[in-house]
Amino acid sequence: MPVNDDTDPLRNVAGDDTTRDTASDDAPRDTASDSAGEQLPVNELFYSLQGEGKLAGVPSVFVRTSGCNLRCWFCDSYHTSWEPTHAQLSVDEILASVADHDADHVVVTGGEPMIHDGIVTLLERLADRGYHTTVETNGTIYRDAPIDLASVSPKLGSSTPTADRDPKGDGEWAERHENDRIDIDALAQLADAYESQLKFVVTGGDDLSEIEQIVDRVRAAANDPIPDGDVLLMPEGTTRTELDETRQRVAELAAEHGYRYTPRVHVDVWNDAPGT
Ligand code: SF4
């Protein structure tokens, strides 16, 4: 079982007493203090194992911010994007909750955490306390902050919420998502500034040509080399049943192209249980 304390009010802060914002904005409506950088909309804060990427299996505290500038149809954190819910927490409150857990790794995730000004303050304060920080981002926004691992997940064309795959409407977000999902300059800045991994959610073999195009463009724009070992392929799927259909194919594609395969440990172990 994930090591969660269900009595902890911050274990899942998307409960009935939290702010619910169903507007289609990037972020939940911010307060003045959020724009000043001292508060963040937090959807969930919990302790588990990192499930994906180079640090898969490492015990970590997860701070999941609410709000995203994209709308992938398969989003596995629906209540940070399509229907964002959150509690508005000060950086001090977040740090206190992080300190409740015996971990030295903190994963700042979303949603898209980089849309929030306050994320820099949070990362600075975590660094001051000696935490290793991973930021999970879609790679459309660069910020200068103390980040130990930038886990960058560019969104492919197969993520676009066309009318037939829209989980909520009739494709109203498709054009904006398609226009905004790739920013080569931001991806190159992230790759140059931080130890990073480029992590692609793969739905099938058709995705590989686009992945190779994006990797080539980022390599051309970046100053530092991006080895194939920093390019990760991850199967799409948020349940064991879904992963059973994609896991082997994506692993074979990684081997075929010389990229790295990443499992989804939290799905393999806990299926689709919340807070994992
Ligand atoms: S970028 Fe991430 S958080 Fe945003 S909609 Fe896509 S999968 Fe969800």
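Along each chain, the written sequence defines residue order, and numbers are assigned to residues from 1. Per-residue local features of the predicted model are confined to residues with pLDDT of at least 70, and side-chain atom pairs are confined, for both listing and counting, to 80 or more; whole-chain, interface and lining totals are unaffected and use all residues.

J.: Honestly, the overall build of the protein chain in this entry has me stumped. Any pointers?
T.: Along the backbone of the protein chain there are 8 helices and 10 strands. Going through the 276 residues of the protein chain one by one, you find that 45% of them count as buried. Considering only contacts in the protein chain between residues 6 or more positions apart, those separated by 24 or more positions represent 73%. Segments assigned H or I by DSSP are reported as helices when at least four residues long, segments assigned E as strands when at least two residues long, and all are numbered from the N terminus. In this scheme every C-beta is placed from the backbone, and a residue whose C-beta has 20 or more other C-beta atoms within 10 Å is buried, one with 12 or fewer is exposed, and one in between is partly exposed. Contact between two residues is assigned whenever their backbone-derived C-beta positions fall within 7 Å.

J.: Would you explain unusual backbone geometry in this entry?
T.: Look at the link from Gly 110 to Gly 111: it is a cis peptide, with omega at 10°. When you line up the elements, Gly 111 lands in the loop between strand S5 (105–109) and helix H3 (118–128).

J.: Just checking my understanding: could you explain the environment of Glu 93 for this structure?
T.: For Glu 93, the location among the structural elements is in helix H2 (residues 91–99). Distance in space between the C-alpha atoms of Glu 93 and Gln 39 is 9.1 Å, their sequence separation being 54 residues.

J.: Explain the packing of H2 against H3 here, please?
T.: Think of two packed helices as two axes; the pair is described by the angle between the axes and how far apart they sit. Structural elements are reduced to axes, namely lines fitted to C-alpha atoms, with helices fitted over the stretch in contact, and the angle between N-to-C directions of any two is expressed from 0 to 180 degrees. Interhelical geometry of H2 versus H3 gives an angle of 40° and a closest axis separation of 10 Å. Here H3 runs oblique to H2, going by the angle between their axes. For the pair H2 and H3, the sense of crossing is right-handed. Contacts from Val 91, Ile 94 and Leu 95 of H2 reach H3 at Gly 118, Thr 121, Leu 122 and Arg 125. Here the term charged refers only to Asp, Glu, Lys and Arg, the term nonpolar to Ala, Val, Leu, Ile, Met, Phe, Trp, Tyr, Cys and Pro, and the term polar to all other amino acids, Gly among them. When its residues are assigned to classes, the contact of H2 with H3 shows 4 nonpolar, 2 polar and 1 charged. Our angle categories are set so that under 35 degrees counts as roughly parallel, over 145 as roughly antiparallel, 65 to 115 as roughly perpendicular, and the remainder as oblique. The hand of a helix crossing depends on one turn: near helix anticlockwise from the far one by less than a right angle means left-handed, and clockwise means right-handed.

J.: Got a minute to help me understand helix H7 (residues 240–257) in this structure?
T.: Residues three or four positions apart in an α-helix share a direction because the helix packs 3.6 residues into each turn. Helices are assigned an expected span. That span is 1.5 Å times one less than the residue count. Relative to the 26 Å expected for 18 residues at 1.5 Å per residue, H7 spans 25 Å between its end C-alpha atoms, a close match to the ideal helical length. The bend reported for a residue corresponds to the angle between axes fitted to the seven residues ending at that residue and the seven starting there. Helix geometry: H7 is bent most strongly at Thr 246, by close to 40°. Within the sequence span of H7, burial applies to Leu 243, Val 250 and Ala 254. The secondary structure elements touched by the buried residues of H7 are strand S8 (196–202), strand S9 (231–235), strand S10 (260–261) and helix H8 (265–270). Within two residues after H7, Gly 258 carries a phi angle of roughly 80°, on the positive side.

J.: Would you mind showing me how to read the nonpolar core here?
T.: Here is a general trend for soluble globular proteins: nonpolar side chains tend to be buried in one another's company. Within the largest apolar cluster, 51 residues are counted, with the highest numbers of intra-cluster contacts made by Val 63, Ile 94, Val 106, Val 108, Phe 200 and Leu 233. Apart from residues lying up to four places away in sequence, Leu 233 is in contact with Phe 200, Val 202, Val 250, Leu 253, Ala 254, Tyr 259 and Tyr 261. By definition, a nonpolar core groups buried Ala, Val, Leu, Ile, Met, Phe, Trp, Tyr and Cys residues that are joined through C-beta atoms within 7 Å. Membership of the second largest hydrophobic core comes to 5 residues, among which are Cys 68, Leu 70, Cys 75 and Trp 82.

J.: What am I meant to see in the packing of helix H5 (residues 184–193) against helix H6 (residues 207–221) here?
T.: For the pair H5 and H6, interaxial distance at closest approach is 9 Å and the crossing angle is 65°. Relative to H6, H5 is oriented so that their crossing is right-handed. Side by side, H5 and H6 meet where Ile 184, Asp 185, Leu 187, Ala 188 and Ala 191 of the first sit next to Arg 217, Val 218 and Ala 221 of the second. Its residues placed into classes, the contact of H5 with H6 shows 6 nonpolar, no polar and 2 charged.

J.: Help me understand the pairing of strand S7 (residues 149–152), please; the structure alone is not making it clear to me.
T.: Two faces belong to every sheet, and in a regular strand the side chains alternate between them. Covered by surrounding structure in S7 are Leu 149 and Ser 151 together with Ala 150 and Val 152, the residues of both alternating faces. At least two DSSP bridges between two strands are required for those strands to pair. Across 4 bridges, strand S6 (residues 132–137) lies against S7 in parallel orientation. Looking across to S7, one finds that Val 135 is bridged to Ala 150. The sheet contact formed by S7 and S8 spans 3 bridges and is parallel. Bridging from a neighbouring strand, Val 152 pairs with Leu 198 of S8.

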